[in-house]
Amino acid sequence: MYPQTHLLFSYFVALIFVKFTVFDHNTAIFVALVALLIDVDHYLTFIFKYKEMDFKHAWNKAVKGVYKGRSFIHHKIGFAVITAIVVVLYFIDRNLFWIIGLGYYSHMFLDYAHLNFLKIRGKMTFKEFGIVERIGKFEVLLDVFLIIGIILLFL
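Below is a summary of the structure that appears in this document. (Residues numbered from 1 in each chain as written. Predicted model: local features only at pLDDT ≥ 70, side-chain atom pairs only at ≥ 80, totals over all residues. Heavy atoms only, no water.)

**Comments concerning the packing of aromatic side chains**
Here is step 1 of the chain: Counted under the stated rule, the structure contains 13 aromatic pairs.
Here is step 2 of the chain: Taking the centre distance of 4.9 Å and the plane angle of 40° together, the rings of Phe46 and Tyr50 count as tilted. Pair noted here: Phe46 and Tyr50 are both in helix H3 (residues 40–50), with a separation of four residues, about one helical turn.
Here is step 3 of the chain: Taken together through their ring pairs, the aromatic side chains of Phe17, Phe23, Tyr90, Phe91, Phe97 and Trp98 make up a single cluster. (Phe/Tyr/Trp six-rings, centres within 6.5 Å; stacked < 30°, edge-to-face > 60°. Helix = DSSP H or I, 4+ residues; strand = E, 2+ residues; numbered from the N terminus.)

Structure representation (structure tokens):
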């Protein structure tokens, strides 16, 4: 999934918690930012693998399928480490517990859940400022529904 989908999905989920007064809107924004920033590991792995810091080159290689770098955070060991951290945070700081926990797990849910049960196929390609985005039509539709859901949660 692309960064905007992680941001929108985690923000949508966090706003549901806001509706139930578990935490406030500021915390919901931080949940979304954590979910978005988890994918920085792709870029960091690219830097260590290719000894190159060109973000545009890293992004385009990933979009073209040439490079699929994920650090431990996207694998079982990362899941165990983050879960241990989240459990400790529960007893230390509930706000950080929600921010890290909900941000991380909503991100992982999108990465590993196969949501396209309608089998919507096809991709759309966008090129802006030298950055290529080849996004599936299902993900675009999901983003639209998430935006609508976010708007509805504010009403």
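**Structural notes on the environment of Thr125**
Here is step 1 of the chain: Relative to the helices and strands, Thr125 is located in strand S1 (residues 123–128).
Here is step 2 of the chain: Separated by eleven residues in sequence, Thr125 and Gly136 place their C-alpha atoms 8.7 Å apart.
Here is step 3 of the chain: Residue contacts for Thr125: discarding those within four places in its chain leaves Val132, Glu133 and Arg134. (Contact = heavy atoms within 4.5 Å.)

**Some remarks on a positive patch on the surface**
Here is step 1 of the chain: Residues Lys64, Lys123, Lys127 and Arg134 make up a contiguous surface patch of positive charge.
Here is step 2 of the chain: Along the chain, Lys64 turns up in the loop between helix H4 (55–63) and helix H5 (76–92).
Here is step 3 of the chain: The class for Lys64 is exposed, based on a relative accessible area of 53%. (Patch = residues over 30% accessible without salt bridge, like charges linked within 9 Å, V, L, I, M, F, W, Y side chains within 5 Å. Areas by Shrake-Rupley, 256 points an atom, 1.4 Å probe, with all protein chains shown as cover. Salt bridge = Lys/Arg side-chain N within 4 Å of Asp/Glu carboxyl O. Lys, Arg positive; Asp, Glu negative; His and termini not counted. Charge placed at Lys NZ, Arg CZ, Asp CG, Glu CD. Buried < 20%, exposed > 50% of the residue type's maximum accessible area, 1.4 Å probe, protein only.)

**A few points about H5**
Here is step 1 of the chain: The end-to-end C-alpha distance of H5, which contains 17 residues, comes to 24 Å, matching closely the 24 Å that a straight helix rising 1.5 Å per residue would cover.
Here is step 2 of the chain: Residues Gly78, Ile82, Val86 and Leu89 constitute the buried set of H5. Relative to the axis of H5, the buried residues are bounded by an arc of 65° and lie together on one face. More than 90 degrees from the buried face of H5, the exposed residues found are Lys76, Ile77 and Phe91.
Here is step 3 of the chain: Where the residues of H5 are buried, they touch helix H6 (94–112). (Expected span 1.5 Å × (residues − 1). Arc of directions from axis to C-beta.)

**Comments concerning the nonpolar core**
One recurring pattern in soluble globular proteins is that nonpolar side chains are buried together.
Here is step 1 of the chain: Grouped together as the largest cluster of nonpolar side chains are 27 residues, with contacts concentrated most on Tyr11, Ala14, Leu15, Phe23, Ala28, Leu102 and Tyr104.
Here is step 2 of the chain: Contributing elements (two or more residues each) for this core: helix H1 (3–19), helix H2 (25–37), H5, H6 and helix H7 (137–154).
Here is step 3 of the chain: The biggest single contributor to this core is H1, with seven residues.
Here is step 4 of the chain: The residues contacting Ala14, other than those within four sequence positions of it, are Phe23, Ala28, Val31 and Leu102.
Here is step 5 of the chain: Formed by five residues, the second largest nonpolar core is a distinct cluster that contains Tyr2, Trp59, Val132 and Ile135. (Core = buried A, V, L, I, M, F, W, Y, C linked by side-chain atoms within 4.5 Å.)

**Here we look at the environment of Ile47**
Here is step 1 of the chain: Assignment of secondary structure puts Ile47 in helix H3.
Here is step 2 of the chain: Measuring from C-alpha to C-alpha, the distance between Ile47 and Asp111 comes to 22 Å, with 64 residues separating the pair along the chain.
Here is step 3 of the chain: Other than its neighbours up to four places away in sequence, Ile47 contacts Glu52 and Met53.

**So, the pairing of S1**
Here is step 1 of the chain: Counted residue by residue, S1 has zero buried out of six residues, so it is predominantly exposed.
Here is step 2 of the chain: Taken together, the six bridges between S1 and strand S2 (residues 131–136) define a ladder with antiparallel strand orientation. Its bridge partner lying in S2, Lys127 is registered against Val132.
Here is step 3 of the chain: Where S1 folds back onto S2 in an antiparallel hairpin, the turn is made up of two residues, including Phe129, whose phi is positive at roughly 55°. (Pairing = 2+ DSSP bridges.)

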